[in-house]
Each structure stands twice: as structure tokens, then as C-alpha cells.
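Tertiary structure, described
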Amino acid sequence: MQTALAEGKAAPGLDPDWAGPQVIEIWADNLADARRDVQRYYPPPLGYVLLSIQLSNSGVAKAPESGQENVA
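Now for a quick tour of the structure. (Residues numbered from 1 in each chain as written. Predicted model: local features only at pLDDT ≥ 70, side-chain atom pairs only at ≥ 80, totals over all residues. Heavy atoms only, no water.)

**Remarks on the pattern of salt bridges**
Counted according to the given criterion, the structure contains three salt bridges. Note that R36 is salt-bridged to D33, the shortest N-O span being 3.2 Å. Remark: D33 and R36 occur in helix α2 (residues 31-41); sequence separation between them is three residues, near one turn of the helix. Among the residues examined, D33 registers a relative accessible area of 23% and is labelled partly exposed. (Salt bridge = Lys/Arg side-chain N within 4 Å of Asp/Glu carboxyl O. Helix = DSSP H or I, 4+ residues; strand = E, 2+ residues; numbered from the N terminus. Buried < 20%, exposed > 50% of the residue type's maximum accessible area, 1.4 Å probe, protein only.)

Below you can see the structure in the form of C-alpha cells.
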């Protein structure tokens with residue numbers, strides 16, 4: 001998407017706002033599951049890039065001992 005915009009083109013089916021980083025929330029049992037879900041919904045072969053993943057309640061990118069986590 002960023003390459004297309006730099007060349008003055010539009011990516012079909014995507015709003016130009018998606019050329020920049022987006023914050024999304026994923027609820028999962030652990031960070032590995034959250035990463036899998038993100039990559040399923042926003043697949044790398046289509047040009048999506050996961051810049052960072054973290055627990056929203058701690059700001060630390062590690063799995064908690066138990067319970068669900070909110071990943072942004």
C-alpha cells in the first residue's frame with residue numbers, strides 16, 4: 001500500500017488510511033495465538049506488517065501466567 005501511494009496509485013479495496021500504522025485489538029489466550037490471529041486477518045502476503053505486539057495491561061511483550069490478554 002505504501003509503495004502504491006508513493007507511485008500515485010491506489011490499492012484496490014483498501015482505504016488510503018491503511019497505508020500508515022493501525023492499532024488493532026485482539027483477544028487471545030496468549031501472544032502466540034494473538035500473532036496467529038492477526039496474521040490470519042491481515043496476511044503478510046497481502047502486504048500487511050505486524051510492527052509490534054504487546055499486552056495492553058502491562059506494556060510488556062510477554063505472556064501472562066494465566067487468563068486472557070488484550071493485545072494491541
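**Side note on the packing of aromatic side chains**
Per the stated rule, a full pass over the model turns up one aromatic pair. An angle of 65° between the planes, with centres 5.4 Å apart, marks the rings of Y42 and Y48 as edge-to-face. For Y48, a relative accessible area of 23% puts it in the partly exposed group. Here the basic side chain of R40 rests over the ring of Y41, its NZ or CZ set 5.3 Å away from the ring centre. (Phe/Tyr/Trp six-rings, centres within 6.5 Å; stacked < 30°, edge-to-face > 60°. Lys NZ or Arg CZ within 6 Å of the ring centre and 35° of its normal.)

**Here we look at α2**
All of the buried residues in α2 are L31, A34, D37 and V38. Axial view of α2: buried residues confined to an arc of 120°, hence all on one face. Looking at α2, the residues exposed on the side facing more than 90 degrees away from the buried face are A32 and R40. By the N-cap criterion, in which a side-chain oxygen at the helix start approaches the backbone nitrogen of a residue two or three places on, α2 is capped by N30, the distance to A32 being 3.1 Å. (Arc of directions from axis to C-beta. Polar contact = N/O pair within 3.5 Å; in protein donor to acceptor, adjacent residues only side chain to side chain.)

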